[in-house]
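# Inside the fold
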Amino acid sequence: MVRGTVQGVGFRPFVYGLAMELGLGGFVRNQVSGVSIEIEGEIPAIESFMLLLKSRLPTLAQIDEISWTAAAVIGEKLFRIEASDVGAVGQIVIAPDAATCEDCLRELFDPADRRYRYPFLNCSNCGPRLTIVTGAPYDRGRTTMAKFAMCAACRAEYEDPANRRFHAQPTACPVCGPRLLAMDADGKAIKVGDAVRWFAEAILSGKIGAMKGLGGYHLICDAGNAGAVAELRRRKHRYEKPFAVMVSDLGAARELCEIDSAEEELLVSRRRPIVLLRKRPKMSVAEAMAPGNPMLGVMMPYTPLHHLLMKEVGGRSLVMTSGNRWDEPIVIDEAEAVEVLRGICDLFLAHDRPIHVRCDDSVTRVVGGMESPIRRSRGYAPQPISLPMECALPILAVGGQLKGTFALGSGKRAILSHHMGDLDHFKAFSAFVRDVALYEELFDFKPGLIVHDLHPDYSSTRYALGRGIECLGVQHHHAHMASCMAEHGLTGPVIGVSFDGTGYGLDGVIWGGEFLVGDFREFKRAGHFRYIAMPGGEKAVREPWRMAAAHLLDAGTKCSGFRARVDPNAVRMLETMIRRKFNSPMTSSVGRLFDAVASLIGAVDRVSYEGQAAIRLEELASMTSESGLYPVEIAKLDEVWIVDTRPIILSVACEADAGVEKELMSRKFHSTMAKIVSEMCLRIFEATKIRDVVLSGGSFMNRVMTMAVCEELGRGGFVVHRQRLVPPNDGGLCLGQLMIAASKVAK
Ligand code: ZN
Ligand code: ZN
Ligand code: FE
């Protein structure tokens, strides 16, 4: 029995080929629990079979475990592939969607091939997987390809063990497979000659198109056409948040951005994420792509349709942004696309292969030579992650709220879901509920325990409590810490530095600047940033000037530059709110501290997307190598170390009034954060002798701060661990929740 990513990845044809080559008899069969193989033959041949099984594995396959038993010889001479077994119980793994492989690409552009220019070709090494799966075990009948009956030619390939498409479930051709569908601005189907060419011509003439991709619709326009980009921003009401671009090849990517070898590897990987790259000073794409941001999200084509389109537009770079309104979930079907995107796009390029699992593009970047994921979704999910500790029973972890993801844990393995966005949106939450059920079916998983965040108002928490299964609530920052520990196989104890925007604290206060000590099972809050009011609550998140005003009041100082910009009446009102403790929850959030500093130095007073102020500060900081430090003051209060933010605010306000450059202030602030982390860790080390430090929480998406913290801690003799498999933000929360729960139920 072979377990791992072994279904839908050409594993059975591979086993068949191997057995034939070695003259072995027997069979291979998909089971719900994995793939079972029976072989019979000479001992040396069986031994080479076992060896080659691992060394020659197909690109998309991954073996987690092989178990075997000896069986009686029955004189089997031939090897065959048996039909899938529907009844068996256990665990299987559906592969993530994979970018078009080289062999398929060659066919796509070969005029002599019967799939020449066919936008849906794929094989057992590439193509859609998770996004089309509707049930288990993985077979064509339980994918959205079920409605397409294979033609004789496709059927012959599908049944030929020597063929690359042997049992490739989504295989298709122009005769029998999905077709493109052109629609006008109103979503009315129209007849066009070559739909890709029609779409490409419209894009090149400055129009905005909506195109159905692998996991949802994209809105597309010519990235080099400033007018089209501005129009897309206007219609989408998305004025500042960066757009990603698709480039035709690495050369085109290099023209836009600086790329190192680690980044190149990610760009061309079969997962094909959006990779955040450093923009070149003079780019051919409009500045409006990512205004005021040194980074640009770049991705390479990952479906045959993308390859065809990129060729038709002559290698021009295209904006490809999620087909949605504001921050709603990306749309996946035609009716929804027309309803939501009409008025935003001028034309639609759809097709009739349904998307079953809504799956956004993954977003990642390289920090200090290591991948640092930001959104783990299409191409990554549901690739399993190995755990350092056994789950004694099946555990479902439901994650947070803003970056909905969940995890199924059983044995020493976790399956993390794709990204479902902000669960506040009804559509996102419905997808969450449906996809939890789908994953449970796909992986034949019945949770014995559900673990959730302590926040009572998270939709995921309410969902967990409503399932009628035993539940466990875990603290947000403990889960962040555990997530990073899990990735690195640490079972503790560690120092957990957990910085983010918000997380429900044990004392009911919003935490977000935490120094924890502990392991999976338990933690102690060793220190945190000074509590500060958030006047207006959620409003303070969108308006960093509110945090600046709160910090100024707390530090007992004024900042004349700030006062000149911001309405003095509004500031006075905020101060009254804070004094009367009206709608002003307290927080230790580092995210909010970044907001306050961003506003004080005059960089950002209002934001239109999450993390914008911190991103702007990071950019400013990366523009200078000069540095310095603001005063760091740490005091002990009731056995807990408190980082005093007042001396920092006093200095920043003073420098801002003295006209110090924003770049320098921002750089100093980042260095100060690193100094604070190392000073706190040293104090904790003195008491605990712990040298392992894990960095987690959304604030560690900031490259400048992360690198500075690593450097400082390294100098102090600490061993620093960062997240590289799952995002440090709330998208990675479910992994930590899972491990905490696993430790509580461990025997
Ligand atoms: Zn292929
Ligand atoms: Zn066909
Ligand atoms: Fe968080």
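Residues numbered from 1 in each chain as written. Chains lettered and ligands numbered in written order. Predicted model: local features only at pLDDT ≥ 70, side-chain atom pairs only at ≥ 80, totals over all residues. Heavy atoms only, no water.

### Let's talk about the coordination of the zinc ion (ligand 2)
A metal bound by six donors in octahedral fashion has ideal angles of 90 or 180 degrees, whereas one bound by four tetrahedral donors has an ideal angle of 109.5 degrees. Definition in use: Sites may look incomplete because water is not among the atoms; the donors themselves are N, O and S atoms within 2.8 Å of the metal, or within 3.2 Å for Na, K and Ca. For four-coordinate sites, all angles between 85 and 135 degrees define a tetrahedron; for four- and six-coordinate sites, opposite donors beyond 155 degrees with the remaining angles between 65 and 115 define square planar and octahedral shapes respectively, and all other cases count as irregular. Note on conventions: DSSP H or I runs of at least 4 residues are helices, E runs of at least 2 residues are strands, and numbering of each starts at the N terminus.
Taken together, Cys151 (SG), Cys154 (SG), Cys173 (SG) and Cys176 (SG) make up the full set of protein donors to the zinc ion (ligand 2), lying 2.2 to 2.4 Å away. Around the zinc ion (ligand 2) sit four donor atoms; with metal-centred angles ranging over 102 to 117°, the donor geometry is tetrahedral. Sequence spacing of the donors to the zinc ion (ligand 2): C-x2-C-x18-C-x2-C. With cysteine 154 in helix α4 (residues 152–159) and cysteine 173 in the loop between α4 and β6 (180–183), the pair connects residues that are 19 residues apart, well separated along the chain.

### Describing the coordination of the iron ion (ligand 3)
What counts, and what does not: Only protein chains enter the area calculation, which uses a 1.4 Å probe; residues under 20% of their type maximum are buried, those over 50% are exposed, and those in between are partly exposed.
With distances of 2.1 to 2.2 Å, the protein atoms coordinating the iron ion (ligand 3) are His476 (NE2), His480 (NE2), Asp500 (OD) and Asp730 (OD). For the iron ion (ligand 3), the four donor atoms in the first shell make angles of 87 to 170° at the metal, a pattern classed as irregular. All donors of the iron ion (ligand 3) belong to a single chain; written as a sequence motif, their spacing is H-x3-H-x19-D-x229-D. Of the two residues, histidine 480 is situated in helix α13 (residues 476–487) and aspartate 730 in the loop between β29 (719–721) and α23 (733–745); the sequence distance between them amounts to 250 residues. By relative accessible area, which is 0% here, histidine 480 ends up buried. Residue aspartate 730 is classed as buried on the basis of its relative accessible area of 12%.

### Some remarks on the pattern of salt bridges
The test is simple: When a carboxyl oxygen of Asp or Glu is within 4 Å of a side-chain nitrogen of Lys or Arg, the pair counts as a salt bridge.
Taken as a whole and judged by the stated rule, the model has 47 salt bridges. Between aspartate 103 and arginine 106 there is a salt bridge, and its shortest N-O distance comes to 3.2 Å. Within this pair, aspartate 103 and its partner arginine 106 are both found in helix α3 (residues 102–108), separated by three residues, close to a single helical turn. On the accessibility criterion, aspartate 103 (31% relative accessible area) is partly exposed. Overall, the relative accessible area of 53% leaves arginine 106 in the exposed class. Here lysine 446 makes a salt bridge to aspartate 444, at a shortest N to O gap of 4.0 Å. The class of lysine 446 is exposed, set by a relative accessible area of 64%.

### Quick word on the pairing of strand β13 (residues 318–322)
Short version of the rule: When DSSP finds two or more bridges between two strands, those strands count as paired.
With five of five residues buried, β13 lies mostly within the body of the structure. Bridge analysis of strand β8 (residues 217–222) against β13 gives five bridges, and the strand direction is antiparallel. Residue pairing for β13: leucine 219 is matched across the bridge by threonine 321. Across two bridges, strand β9 (residues 244–246) lies against β13 in antiparallel orientation. Each residue of the ladder has a partner; that of valine 245, found in β13, is valine 319.

### Notes on the packing of aromatic side chains
Both the distance between ring centres and the angle between the ring planes are used here to describe each pair of aromatic rings. We apply this condition: Geometry of aromatic contacts follows a simple scheme: Phe, Tyr and Trp rings, the Trp one being its six-membered ring, pair when their centres are within 6.5 Å, and the pair is stacked under 30 degrees between planes, edge-to-face over 60, tilted otherwise. Sitting over a ring, as applied to charges here, requires NZ of Lys or CZ of Arg to be within 6 Å of the ring centre and within 35 degrees of the ring normal.
Tallied over the full model, the rule gives 16 aromatic pairs. Between phenylalanine 685 and phenylalanine 718 the ring centres are 6.1 Å apart and the planes differ by 85°, which places this aromatic pair in the edge-to-face class. With phenylalanine 685 in helix α21 (residues 662–688) and phenylalanine 718 in the loop between α22 (703–715) and β29, this residue pair connects regions lying 33 residues apart in the sequence. Judged by its relative accessible area of 16%, phenylalanine 685 falls in the buried class. Note on phenylalanine 718: relative accessible area 7%, which makes it buried. One cation-aromatic arrangement involves arginine 233 over phenylalanine 243; the distance from NZ or CZ to the ring centre is 4.1 Å. Above the plane of the ring of tryptophan 641 lies arginine 683, whose end atom (NZ or CZ) is 5.3 Å from the centre.

### A look at the domain arrangement of the protein
The cut-off we apply is this: Segmentation into domains, and thus their bounds, comes from an automatic or database assignment.
Structurally, the protein comprises domain 1 (2–81) and domain 2 (180–351). Centre-to-centre, using C-alpha coordinates, domain 1 lies 42 Å away from domain 2.

### Quick word on unusual backbone geometry
A cis geometry characterises the amide bond from alanine 136 onward to proline 137, with omega recorded as -5°. Here proline 137 lies in the loop between α3 and α4. The backbone of arginine 272 sits at a positive phi, close to 45°, despite the residue not being glycine. Inspection of the secondary structure puts arginine 272 in the loop between α8 (261–268) and β11 (274–279). Although it is not a glycine, aspartate 444 adopts a positive phi angle of roughly 45°. Within the secondary structure layout, aspartate 444 lies in the loop between α11 (426–442) and β19 (449–453). You can call aspartate 444 partly exposed: its relative accessible area is 25%.

### Notes on the packing of α21 against α22
Rule in force here: Helix axes use the C-alpha atoms of the stretch in contact, all axes being lines fitted to C-alpha atoms, and the angles between their N-to-C directions lie in the range 0 to 180 degrees. Between 65 and 115 degrees an angle is taken as roughly perpendicular, under 35 as roughly parallel, over 145 as roughly antiparallel, and anywhere else as oblique. Should the near helix be turned counterclockwise from the far one by less than a right angle, the crossing is left-handed, whereas a clockwise turn marks it as right-handed. Residue contacts are defined here by distance: any two heavy atoms, one from each residue, within 4.5 Å place the two residues in contact. Put simply, Ala, Val, Leu, Ile, Met, Phe, Trp, Tyr, Cys and Pro go in the nonpolar bin, Asp, Glu, Lys and Arg in the charged bin, and everything else, Gly too, in the polar bin.
One way to put it is that α21 packs onto α22 with a least axis distance of 8 Å and a crossing angle of 40°. As summarised for this structure, α21 and α22 are arranged oblique, according to the angle between their axes. The hand of the α21/α22 crossing is right-handed. On the side of α21, the interface is formed by Arg667, His670, Met673, Ala674, Lys675, Val677, Ser678 and Cys681, while α22 contributes Val704, Met705, Ala708, Val709, Glu712 and Leu713. Partitioned by chemical class, the residues of the contact of α21 with α22 number nine nonpolar, two polar and three charged.

### Observations regarding α21
Threshold: To estimate how far a helix should extend, the number of its residues minus one is multiplied by 1.5 Å.
Taking 1.5 Å per residue as the helical rise, α21 with its 27 residues ought to reach 39 Å, and the 39 Å between its terminal C-alpha atoms agrees with that figure. Following α21 by one or two positions, lysine 689 has its phi on the positive side, about 65°.

### As for helix α6 (residues 226–236)
Structural remark: α-helix, 3.6 residues per turn; residues separated by three or four positions point the same way. Put simply, the test is: Note that the arc is computed from the directions linking the helix axis to the C-beta atoms. Pairs of N or O atoms within 3.5 Å make up the polar contacts considered here, provided that, within protein, one atom can donate a hydrogen while the other can accept it, and that residues adjacent in sequence are counted only when both atoms are side-chain atoms.
Among the residues of α6, Ala228, Val229, Leu232, Arg233 and Lys236 are the ones counted as buried. All buried residues of α6 fall inside an arc of 140° around its axis, so they share one side. Buried residues along α6 sit against β8 and β13. Capping the start of α6, asparagine 225 holds a side-chain oxygen 3.0 Å from the backbone nitrogen of glycine 227, two or three residues further along. Two residues or fewer past α6, histidine 237 is found with a positive phi of approximately 55°.

### A short note on the state of the cysteines
How we decide: Any pair of cysteine sulfurs within 2.5 Å is marked as a disulfide.
A complete count under the given rule lists zero disulfides for this structure. The thiol of cysteine 221 is unpaired, and the distance to the nearest cysteine sulfur, on cysteine 345, comes to 12 Å. Here cysteine 221 falls in the buried class, since its relative accessible area comes to 0%. Free cysteine: cysteine 359, not disulfide-bonded; nearest cysteine sulfur from cysteine 734 at 14 Å. On the accessibility criterion, cysteine 359 (2% relative accessible area) is buried.

### Details of the packing of helix α15 (residues 544–555) against helix α20 (residues 646–657)
At a minimum axis separation of 9 Å, α15 and α20 run at an interaxial angle of 110°. Here α20 runs roughly perpendicular to α15, going by the angle between their axes. Each of His551, Leu552, Asp554 and Ala555 in α15 lies in contact with α20, whose residues at this interface are Arg646, Ile649, Leu650 and Ala653. Of the residues that constitute the contact of α15 with α20, the class distribution is five nonpolar, one polar and two charged.

### Comments concerning the environment of lysine 207
As for its position among the elements, lysine 207 is in the loop between α5 (195–204) and β7 (209–212). What makes lysine 207 partly exposed here is its relative accessible area of 39%. Residues lysine 207 and serine 651, 444 residues apart in the sequence, show an inter-C-alpha distance of 50 Å. Discounting chain neighbours no more than four positions away, the residues touching lysine 207 are Ala202, Ile220, Cys221, Asp346 and Leu347.

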